[in-house]
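Reading the structure
Chain residues, written in single-letter form:
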Amino acid sequence: MIERYTPIPKNTIRFCLAVKNKQSGFYANHHLEGNYWYNNTAYLNKRNYNMLNCVALNPTDFGTDGLGWNHEMANNLGFAATTAELTDIDKSRCVLKNNYFDLSGISVSADDFLSVDEKLLMAPRQADGSLPNTDFLKLATSSKLINAGTNLGFPFKGSAPDLGCFEK
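Here we summarise the structure given alongside this text. (Residues numbered from 1 in each chain as written. Predicted model: local features only at pLDDT ≥ 70, side-chain atom pairs only at ≥ 80, totals over all residues. Heavy atoms only, no water.)

Concerning the overall build of the protein chain
From N to C terminus, the protein chain includes 0 helices and 12 strands. Each of the three principal axes of the protein chain carries a C-alpha extent, and together these read 55 × 35 × 30 Å. Burial status across the protein chain gives 41% buried among its 168 residues. Within the protein chain, contacts between residues separated by at least 24 positions form 59% of all contacts whose residues are at least 6 apart in sequence. Accessible surface for the protein chain amounts to roughly 9,200 Å². Of this, 52% is attributable to carbon and sulfur atoms. Positive and negative side-chain charges of the protein chain, numbering 16 and 17 respectively, have mean locations separated by a distance of 2 Å. (Helix = DSSP H or I, 4+ residues; strand = E, 2+ residues; numbered from the N terminus. Buried < 20%, exposed > 50% of the residue type's maximum accessible area, 1.4 Å probe, protein only. Contact = heavy atoms within 4.5 Å. Areas by Shrake-Rupley, 256 points an atom, 1.4 Å probe, with all protein chains shown as cover. Lys, Arg positive; Asp, Glu negative; His and termini not counted. Charge placed at Lys NZ, Arg CZ, Asp CG, Glu CD.)

Next up, the structure:
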């Protein structure tokens, strides 16, 4: 017997970095409900954001997949996906706010970042376990992605949050 959860729990994924994954950088992974995706940065993944949901559990074949719904995505950033930036999503059934893929007139290029050299991630972690303090995927001062986000209640500098996981 398959257990049913009411309501189905939603995950929160925030201030995360996904780099060079073979399939998806950020993946809803057949979740039965949407998730909260805030201020994440994806770079050079096959698919930077894959929002695939599971419509229903089926004991004979695990489940029936469907385009992602009930996701709330805000202030997310992606660049240089090898196949697609955003896949498997029903945008009409999601809340999308100030993501790089839904802001009109904004495109992302290498010039938006201080560095796109992923080898910088191999530097030793900081004493508290956080990522090395490098320029990797941090926004250049000239980037139009600075202050392009929406206020979600997290601390930020400037007039609005920046897109992605690193606040300038």
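Comments concerning the sheet that holds strand β9 (residues 72–74)
Read across the sheet, 4 strands follow the order β1-β4-β9-β12 without closing on themselves; strand pairing throughout is parallel. In this open sheet, the two strands that pair with only one neighbour each are β1 (12–14) and β12 (95–97). Averaged over all neighbouring strand pairs, the angle between strand axes comes to 5 degrees, with direction disregarded. Direction of pairing for β9 relative to β12: parallel, over a ladder of 3 bridges. Along β12, the bridge assignment pairs Ala-74 with Lys-97. (Pairing = 2+ DSSP bridges. Axes fitted to C-alpha atoms, helices over the stretch in contact; angles between N-to-C directions.)

Things to note about the pattern of salt bridges
One side chain can pair with another of opposite charge once the charged atoms of both are near each other. With the rule as written, the count across this model stands at 3 salt bridges. A salt bridge links Lys-20 to Glu-118, with the nearest nitrogen and oxygen atoms 2.9 Å apart. Here the residue Lys-20 occupies a position in the loop between β2 (17–19) and β3 (24–27), and Glu-118 occupies one in the segment after β12, the gap between them amounting to 98 residues. Close ionic contact of Glu-72 with Lys-97 constitutes a salt bridge, the shortest N to O distance being 3.8 Å. You can see Glu-72 sitting in strand β9 and its partner Lys-97 sitting in strand β12, a full 25 residues away along the chain. Overall, the relative accessible area of 19% leaves Glu-72 in the buried class. (Salt bridge = Lys/Arg side-chain N within 4 Å of Asp/Glu carboxyl O.)

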